[in-house]
Amino acid sequence: MDLIRHLQCFVAVAEESHFGRAAQRLGMAQPPLSQRIQRLERELGVRLFERTSRQVTITKGGTLLLDEAREILARSEALRATARRIQEGRTGLLRAALPPDLAGDTVAAILAAFRDRHGGVELELHELTTADQLAGLASHDLDVGLIRHPCDVAGLELGPVQRHELGVLLLRDAPAARSGTVPLTALTGYDLILFPRAQAPAVHDDLLTTCARHGYTPAAVRHGQGSSFTRGLILSSRAVAFTSRDAHPAQDPDIIWRPLTGAPLTLRHSAAWPRGRGDAAALAFADTVTEALAATATAGGDLPPTPLHLRPAAEYWI
């Protein structure tokens, strides 16, 4: 028995005190309405109405049940409304992740835009490397993330790849900083500050391979990631770091960002979520991230996004 539909019939007859008017209100014929009321009375074991040829009167038992019936219908509608909001990505819990190297302004723009559009969604945001995000997406501990390419994207669906040209951070008084752009060969003799390989092995290896192909083999690779730590290494040793323009403050008195000649290094990101599990909230977050990264790329003069959907990991290269 469809209890909700039967209760709707009960409430309509009680409020109209007339089977004909109640049937019209419900958009159904009168005989099926009478049958539903009889079926509900049998199910509850309570006579709900006294019927005569001229009128319908709710019984004392029916009166006692009427308020509860209305409450059940109200809760049912609230449940359906909540389900619709979840389906449309307007409420619920979303577990998302962003990489540690994302610029603070970009993170703020993502959060503000998502909050404005989907304020009813509880966003549980984590700072995770690509390797940790891939593990979380595979175990379904994460709903959506922003990953670096190249990486293993088996079992994932992806948003458009956003490409940011990488430049170099070095001391303002370094000889290589005097020109407008820096060829990789000019960095010969410098150590390279790079994120730990375990965080994104393919990206790490491809970056070093590209550097070698363009004439730069670091004297040593120093692992670091935090902006303060990286800045300290640059200041205290003969070291450089690669980053996008937006990730470094222009007003730094000691360190300067310079583009690399020919733009040989490109950082690539895309939103990712488990295949077949992209609900409305996850897709909305992915769209927000893509828009924020695209805006950053446009402001920094970087490359336009590459349309992408379920391409194999081997197709991504720095």
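Residues numbered from 1 in each chain as written. Predicted model: local features only at pLDDT ≥ 70, side-chain atom pairs only at ≥ 80, totals over all residues. Heavy atoms only, no water.

Core analysis: the biggest nonpolar cluster contains 24 residues, and Val168, Leu170, Leu187, Tyr216, Val240 and Phe242 have the highest contact counts within it. When residues of this core are traced back to their parent elements, those giving at least two are strand S8 (167-171), strand S9 (191-194), helix H7 (201-213) and strand S11 (239-243). Examining the composition of this core, we find that 3 residues originate from one element, H7, more than from any other. Once residues within four sequence positions are removed from consideration, Tyr216 is found in contact with Leu184, Leu187, Thr188, Tyr190, Asp191, Leu192, Cys211, Val240 and Phe242. Among the nonpolar cores identified, the runner-up in size contains 21 residues, and Ala22, Ala23, Met28 and Leu40 belong to it. (Core = buried A, V, L, I, M, F, W, Y, C linked by side-chain atoms within 4.5 Å. Buried < 20%, exposed > 50% of the residue type's maximum accessible area, 1.4 Å probe, protein only. Helix = DSSP H or I, 4+ residues; strand = E, 2+ residues; numbered from the N terminus. Contact = heavy atoms within 4.5 Å.)

Time to look at helix H6 (residues 130-138). For H6, the complete set of buried residues consists of Thr130, Gln133, Gly136 and Leu137. Each buried residue of H6 sits inside an arc of 125° when the element is viewed along its axis, so together they form one side. Packed against the buried residues of H6 are strand S3 (92-98), strand S5 (144-149), strand S6 (156-158) and strand S13 (266-274). One or two positions beyond H6, positive phi appears at His140, with a value near 65°. (Arc of directions from axis to C-beta.)

Topologically, Asp252 is positioned in the loop between S11 and strand S12 (255-259). Within the structure, Asp252 has its side chain in polar contact with the side chain of Arg231 (distance 2.9 Å). In this structure the side chain of Asp252 is engaged in a polar contact, spanning 3.1 Å, whose partner is the backbone nitrogen of Ile255. The residues touching Asp252, leaving out its near neighbours within four places in the chain, are Arg172 and Arg231. (Polar contact = N/O pair within 3.5 Å; in protein donor to acceptor, adjacent residues only side chain to side chain.)

Next up on the list: the packing of aromatic side chains. On inspection of all chains with the given rule, the structure shows 4 aromatic pairs. Taking 5.6 Å as the distance between ring centres and 75° as the angle between the ring planes, the aromatic pair formed by Phe114 and Phe285 counts as edge-to-face. With Phe114 in helix H5 (residues 104-117) and Phe285 in helix H9 (residues 280-299), this residue pair connects regions lying 171 residues apart in the sequence. Comparing Phe114 with Phe285 shows no difference in burial state: the two are buried. Grouping aromatic residues by their ring pairs yields a cluster made of Phe10, Phe19 and Phe49. We note Arg148 situated over the ring of Phe195; from NZ or CZ to the ring centre the distance is 4.2 Å. Lying over the aromatic face of Tyr190, Arg238 brings its terminal NZ or CZ to 4.1 Å of the ring centre. (Phe/Tyr/Trp six-rings, centres within 6.5 Å; stacked < 30°, edge-to-face > 60°. Lys NZ or Arg CZ within 6 Å of the ring centre and 35° of its normal.)

Moving on, we come to the packing of helix H1 (residues 3-16) against helix H2 (residues 19-26). What describes two packed helices is the angle between their axes and the distance between those same axes. Viewed as axis vectors pointing N to C, H1 and H2 meet at an angle of 130°, and their least axial separation amounts to 8 Å. Our classification of the angle between H1 and H2 gives oblique. Here the hand of the crossing between H1 and H2 comes out right-handed. Every residue of H2 that contacts H1 at Arg5, Gln8, Cys9, Val11, Ala12, Val13, Glu15 and Glu16 is listed here: Phe19, Arg21, Ala22, Arg25 and Leu26. (Axes fitted to C-alpha atoms, helices over the stretch in contact; angles between N-to-C directions. Parallel < 35°, antiparallel > 145°, perpendicular 65-115°, else oblique. Left-handed = near helix turned anticlockwise from the far one by under 90°.)

What follows is about the sheet that holds S9. Pairing within the open sheet is mixed, and its 5 strands lie in the order S10-S9-S11-S8-S12. Either end of the sheet is taken by a strand with one partner, and the two such strands are strand S10 (221-223) and S12. Neighbour-to-neighbour, the strand axes of the sheet open up by a mean angle of 35°, direction not taken into account. The pairing of S9 with S10 spans 3 bridges and is parallel. Bridge pairing links Ile193 to Arg222 in S10. Across the sheet, H7 touches S9, S10 and S11, and the angle it forms with S9 is around 155°. (Pairing = 2+ DSSP bridges.)

Side-chain pairing between opposite charges can occur once the charged atoms of the two side chains come close. For the coordinates displayed, the defined rule picks out 15 salt bridges. Among the ionic pairs, Arg70 bridges to Glu15, the shortest N-O distance being 3.1 Å. One end of the pair, Arg70, is in helix H4 (residues 60-87); the other, Glu15, is in helix H1, with 55 residues separating them in the sequence. Residue classification places Arg70 among the partly exposed residues on the basis of a relative accessible area of 35%. (Salt bridge = Lys/Arg side-chain N within 4 Å of Asp/Glu carboxyl O.)

The next thing to look at is the packing of H2 against helix H3 (residues 30-44). With their axes 9 Å apart at the nearest point, H2 and H3 run at an angle of 100° to one another. The orientation of H2 relative to H3 falls into the category roughly perpendicular. From H2, Phe19, Gly20, Ala22, Ala23 and Leu26 reach across to H3, where they touch Gln30, Leu33, Ser34 and Ile37. Here the contact of H2 with H3 is composed, by residue class, of 6 nonpolar, 3 polar and no charged. (Nonpolar A, V, L, I, M, F, W, Y, C, P; charged D, E, K, R; others polar.)

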